[in-house]
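A structural walkthrough
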Amino acid sequence: MKNKLLIVFVLAFSTLQAQLLQNKKTFTKQDTLRGSITAEREWWDLTYYHLDVDIQPEEKYISGKNLITYKVLSPHTVMQIDLQKPLKITKVMQYGKSLTFKRDGNAYFINLISNQNIGEVHTVEVFYEGEPKEAKNAPWDGGFSWKKDNNGKHFIATSCQGLGASVWWPNKDHMYDEVDSMLISVTNPKGLMNVSNGRLRELVENDNNTVTSHWFVNNPINNYGVNVNIGDYANFSEVYTGEKGDLDMDYWVLKDHLELAKEHFKDTPKMMEAFEHWFGPYPFYEDSFKLVEVPYLGMEHQSSVTYGNQYKQGYLGSDLSGTGWGLKFDFIIIHEAGHEWFANNITNKDIADMWIHEGFTSYSENLFLDYYYGKEASADYVIGTRKNIQNDKPLIGHYNVNNEGSSDMYYKGANLLHTLRQLVEDDDQWRQILRGLNSEFYHQTVTTKQIEDYLSKHTGIDLSAFFNQYLRTTKIPTLEYIIDNGELKYRWTDIVSDFDMPIQVGIDGKTQWLFPKAEWQTKTINADEITIDRDFYVYATKL
Ligand SMILES: [Zn+2]
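My aim in this report is to walk through the structure given alongside it, one point at a time.

About the cut-offs
- Each chain carries its own residue numbering, running from 1 in the written order of its sequence.
- For a predicted model such as this one, the threshold for reporting local features is a pLDDT of at least 70, and the threshold for listing and counting side-chain atom pairs is 80 or more; totals across whole chains, interfaces and linings nevertheless cover every residue.
- For the side-chain quantities, the full set of heavy atoms in the structure was used; hydrogens and water were omitted.
- The secondary structure listing takes helices from DSSP runs of H or I that are at least 4 residues long and strands from runs of E that are at least 2 residues long, numbered from the N terminus.
- In this description the radius of gyration comes from C-alpha coordinates, and the expected globular size is given by 2.2 Å times residues to the power 0.38.
- Here the term buried applies to any residue with accessible area under 20% of the maximum for its type, exposed to any over 50%, and partly exposed to those in between, with areas from a 1.4 Å probe on protein chains only.
- Two residues qualify as a contact provided that any one of their heavy atoms is within 4.5 Å of a heavy atom in the partner residue.
- Computed by Shrake-Rupley with a 1.4 Å probe, the accessible areas treat only the displayed protein chains as cover when residues are assessed.
- Here, expected helix span is obtained from the residue count minus one, scaled by 1.5 Å.
- Any N, O or S atom lying within 2.8 Å of the metal counts as a donor, and for Na, K and Ca the limit rises to 3.2 Å; water is left out, so some sites can look incomplete.
- At least two DSSP bridges between two strands are needed for those strands to be called paired.
- To define a nonpolar core, start from buried Ala, Val, Leu, Ile, Met, Phe, Trp, Tyr and Cys residues and group those joined through side-chain atoms within 4.5 Å.

Below, the discussion takes up the overall build of the protein chain. When you go through the protein chain residue by residue, the secondary structure sums to twelve helices and 29 strands. In terms of overall dimensions, the protein chain is globule-like: its C-alpha atoms have a radius of gyration of 25 Å, near the 24 Å expected for 543 residues. When the backbone C-alpha atoms are referred to their principal axes, the protein chain occupies close to 90 × 60 × 55 Å. Out of the 543 residues in the protein chain, the part that is buried amounts to 57%. Long-range pairs, those at least 24 residues apart, make up 68% of the contacts in the protein chain between residues at least 6 apart in sequence. For the protein chain, the exposed surface amounts to about 22,400 Å²; the carbon and sulfur share of it is 50%.

Pasting the structure below:
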């Protein structure tokens, strides 16, 4: 008993300490090098990577090179390339010449040959090797997962969201710039198969008991989406007829799970139908869609979504909404595939704006339910997930230092979008807006401001205060009201300036709009109670 209390006290204390540390978080020079568009990054535009990597599972060792193709935007001869310790860059070559470079932590500054003239396209080859960081708790604390399957065979995967792709290969490790296409060549022991992004172009058997798979990605791809998954895989596939024609859907699962997967993955075409309806065509038809089993929970790797939800419904068998609706689908298939539209198609320029990935994708879970089970079911679900919101920190993090905002970006993000749907009050228009976002920002990296402006323009509502409230503060608007002698008095409190969101209420069994502001408003009513529409993510207090 006593011990338990002590544990509770220690936990509470350390949580408080962690919060204080978080609020006062100071950033280092390394954070700035990683998180900002430095002068050594800004002058060149990425066009192509050919990552060629040899993976030795017994030694937990990797070695290889990345051929980087870039276009010169302004004359400069120093290029920043990132690679995280304990890996190291051993050599950099340009047109047969060995280049010199200086290292500052995880950033390398490479002195290119002269004549980097505006408009020219050049290549540089970066060689590297070492024992990459091992994932402690993939995918959140990522790196390489060196696991074995139940038959004792190697089961290996990379994951690096937030941490950065430079944890396992050298690249320009900032979200703002993406290659236009990429070739991923992976060499691994014979008897195992590697599945990366895009389409398998060639599988080559080498003399030294290894195989090399060449995967080509025919679309822009963000760094953290690039992945290696090596295992004793079986493969099955189907063709989905979607909005842009025939889409190849490929499934790679451990051999022992083949029959289980054939049954369980039926959610995948269902997902594709619902999301194409709401968001428009799947953004990567050229690259196919793949679901790949991995030894961790899952990740939105572009066109090769990784799966480790143990073939269960919900999130590892549990319902994040507590309403029962969360058990109607496999959370990892729906959520991670939803990221193909929000994260992979529309990508944040700075990870501080990651709510664009997680808010819209968490919201997609309820749209999947809406498509198959209707509007009430979907509202139950998204409202049910409010219990997971902490309101500890704003959704937007600190810019230019590789800093994510609060984990509320998931369910507070989803609920702010659900609230916005109410303000639009026209589901067809709302759907066209969601589809419009995906065509307006097709294959682009964006800022929160661009998303805000698009939504304000296409809803016809000035949403500046709305977004300031929900994205930039932890305050939830509270409707204060008094009912006295047939008079309803009401106002918003806990709001940012200019916040004047209308809200739907039930008065005398009739639904109507109220237009609260910071100042008291009055309305004559014939009732002694009102009901606040549950679809709005607000608080209400009757005085
Ligand atoms: Zn996500």
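The end-to-end C-alpha distance of helix 9 (residues 411-424), which contains 14 residues, comes to 20 Å, matching closely the 20 Å that a straight helix rising 1.5 Å per residue would cover. Two residues or fewer past helix 9, Glu 425 is found with a positive phi of approximately 60 degrees.

This part takes up the coordination of the zinc ion. A four-donor tetrahedral metal ideally has 109.5 degree angles, and a six-donor octahedral metal ideally has angles of 90 or 180 degrees. Distances from the zinc ion to its protein donors, His 335 (NE2), His 339 (NE2) and Glu 358 (OE), fall at 2.0 to 2.1 Å. Donor residues binding the zinc ion come from one chain and are separated in sequence as H-x3-H-x18-E. You can see His 339 sitting in the loop between helix 6 (331-338) and strand 21 (346-348) and its partner Glu 358 sitting in helix 7 (residues 355-373), a full 19 residues away along the chain. Classification of His 339 by relative accessible area gives buried; the value is 0%. Take Glu 358: its relative accessible area is 1%, and that puts it in the buried class.

Before going further, it helps to spend a moment on the sheet that holds strand 13 (residues 199-205). Here we have eight strands laid out as an open sheet, ordered 5-4-8-2-1-11-14-13, and mixed in their pairing. Because the sheet does not close on itself, it has two edges, and the strands there are strand 5 (97-98) and strand 13. As defined by bridge partners, strand 2 (residues 61-72) adjoins strand 8 (residues 121-130) across ten bridges and the pair is classed as antiparallel. Bridge pairing links Tyr 70 to His 122 in strand 8.

Okay, the environment of Lys 475 next. Within the secondary structure layout, Lys 475 lies in the loop between helix 12 (464-472) and strand 23 (478-484). The class of Lys 475 is partly exposed, set by a relative accessible area of 33%. Among all residues touching Lys 475, those that are not within four sequence positions of it are Gln 469, Asp 494, Ile 495 and Val 496.

A few words on the sheet that holds strand 19 (residues 298-299). What the five strands build is an open sheet, ordered 16-17-18-20-19; its pairing is mixed. This sheet does not close on itself; its edge strands, each paired only once, are strand 16 (233-242) and strand 19. The sheet contact formed by strand 19 and strand 20 (residues 305-307) spans two bridges and is antiparallel. In the sheet register, Gly 298 faces strand 20, and the bridge partner there is Tyr 307.

Core analysis: the largest hydrophobic core is formed by 95 residues, its most contacted members being Phe 265, Phe 289, Trp 355 and Ile 451. Each residue touching Phe 289, except ones within four places of it in the same chain, is listed here: Leu 247, Asp 248, Met 249, Asp 250, Thr 268, Met 271, Met 272, Tyr 282, Ser 303, Val 305, Ala 337 and Glu 340. If you look at the next biggest cluster of nonpolar residues, it comprises 59 residues, including Ile 110, Met 193, Val 195 and Leu 254.

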